[in-house]
Amino acid sequence: MDSILHKEYTVVQDDYVNAGKVSSDIKSTLSEIGISPKVLRKIAVASYESEINLIIHAYGGKVFLDVGEDGAVYLVFKDPGPGIPDLEKALTPGWSTASEKARGMGFGAGMGLPNIQRVSDDFHIESSPEGTTLSLVFRSPV
Amino acid sequence: MRAKEIADALHAVPLTLWEEEHQNHEYKNVFATDLMSDALAMIQDEEESTVLLTGLCNTQTLRTAEMLDVRFIVFVRGKFLLDDAIEMAKNMGIVCLATDYTMYDACGRLYLKGLTGIYG
């Protein structure tokens, strides 16, 4: 894939203070290149939920943003574990394994992955104890 | 309904900038929750005319509003934002008010004034 824009970010486990900064930067970066507000909101919601997952469920991780020549936006969230034990349950609305701390921050409603799946055009997730990779695509004319 | 009328109905006090332009902004509906994941999942259209009512008083509420383009938050149950969060809200252009009413009372008062939920 030829990318007209590429950015990488690092997300730290349990870093609630900075939670959302990556998604905020992704949103403003994509806004500058002319992604429509409606699509931008979907991308921001998916990105923020995924970023929060890296903070509250994973040992932190990396975020990769790419924009294709056709304006499609590619987001990849890659973490080094501990993996999602039951993906089917994790994709069920209402299912949550979030900690009390995460719930205290307003998360753990069990809507994260189902919501990410709902707003993205392509949704692919692979998970093992060695890590989870979530790949999302948003198609939008620039 | 204008933001000023919402503030009056809730006897709410401003935590951020509260200029005439903010007070005159029109809002059509309300979403009330302490769970930001629910806000992210449910609020899908007309975000800029949606009021978020919440008792969750932290920066993740502001981040959620930022992602959704929600520009107006009322904190219920007498909760206030800390100074750094107020600064963050100002930088994001989000108007924040605080009311002593509980979530139930705040929702009831706004519903009686004609504001519906996000699905009408």
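S.K.: I'd like a rundown of the sheet that holds strand β3 (residues 73–79) of chain A, residues and numbers included.
M.R.: Residue and element names in this part refer to chain A. The five strands lie next to each other as β1-β2-β3-β5-β4, forming an open sheet whose pairing is antiparallel. Each edge of the sheet is formed by a strand with only one pairing partner; in this case those strands are β1 (3–11) and β4 (122–128). If you compare each strand with its neighbour and ignore which way they point, the axes differ by 10° on average. Relative to strand β5 (residues 131–138), β3 is paired through seven bridges, and the arrangement is antiparallel. Across the sheet, the residue bridging to F77 is L134, located in β5. Sheet contacts for helix α1 (residues 21–32): β1, β2 (61–68) and β3; angle to β1, the most-contacted strand, approximately 165°. Helix α5 (residues 112–119) rests against β4 and β5 of the sheet, and its axis sits at about 145° to β4.

S.K.: Tell me about the layout of surface pockets, and please be specific about residues and values.
M.R.: Residues and elements named next belong to chain A. Of the pockets and cavities examined, the largest pocket occupies roughly 570 Å³. N53, H57, I84, A90 and L113 are, among the 32 residues lining the largest pocket, the residues nearest its centre. Taken together, the elements giving at least two residues each to the lining of the largest pocket come down to α2 (37–56), β3, α5 and β5.

S.K.: Would you mind going over the side chain of T50 of chain B in detail, with residue names and values included?
M.R.: Residue and element names in this part refer to chain B. Within the element layout of this structure, T50 appears in strand β3 (residues 50–54). By relative accessible area, T50 is classed as buried at 0%. Here the side chain of T50 touches N29 through a polar contact of 2.7 Å, side chain to side chain. Ignoring sequence-local partners within four residues, the contact set of T50 consists of Y27, N29, F31, I43, D45, V70, F72 and I118.

S.K.: An account of helix α4 (residues 59–68) of chain B is needed here, citing residue identities and associated values.
M.R.: Residue and element names in this part refer to chain B. In terms of burial, α4 is a largely internal element, 10 of the 10 residues being buried. Considered for burial, the residues of α4 that qualify are T59, Q60, T61, L62, R63, T64, A65, E66, M67 and L68. With a side-chain oxygen positioned 2.8 Å from the backbone nitrogen of Q60, the residue opening α4 is N58. Immediately downstream of α4, the backbone of D69 shows phi near 65°, a positive value.

Here is what the cut-offs are and how they apply
Residues numbered from 1 in each chain as written. Chains lettered and ligands numbered in written order. Predicted model: local features only at pLDDT ≥ 70, side-chain atom pairs only at ≥ 80, totals over all residues. Heavy atoms only, no water. Pairing = 2+ DSSP bridges. Helix = DSSP H or I, 4+ residues; strand = E, 2+ residues; numbered from the N terminus. Axes fitted to C-alpha atoms, helices over the stretch in contact; angles between N-to-C directions. Contact = heavy atoms within 4.5 Å. 1 Å grid on protein atoms, 1.4 Å probe; cavity = no way out; pocket = protein on both sides within 12 Å on 5 of 7 lines; lining within 4 Å. Points joined across faces, edges and corners; volume = space filled by probe spheres on them. Buried < 20%, exposed > 50% of the residue type's maximum accessible area, 1.4 Å probe, protein only. Polar contact = N/O pair within 3.5 Å; in protein donor to acceptor, adjacent residues only side chain to side chain.

Any link to function would need more than the numbers given here.
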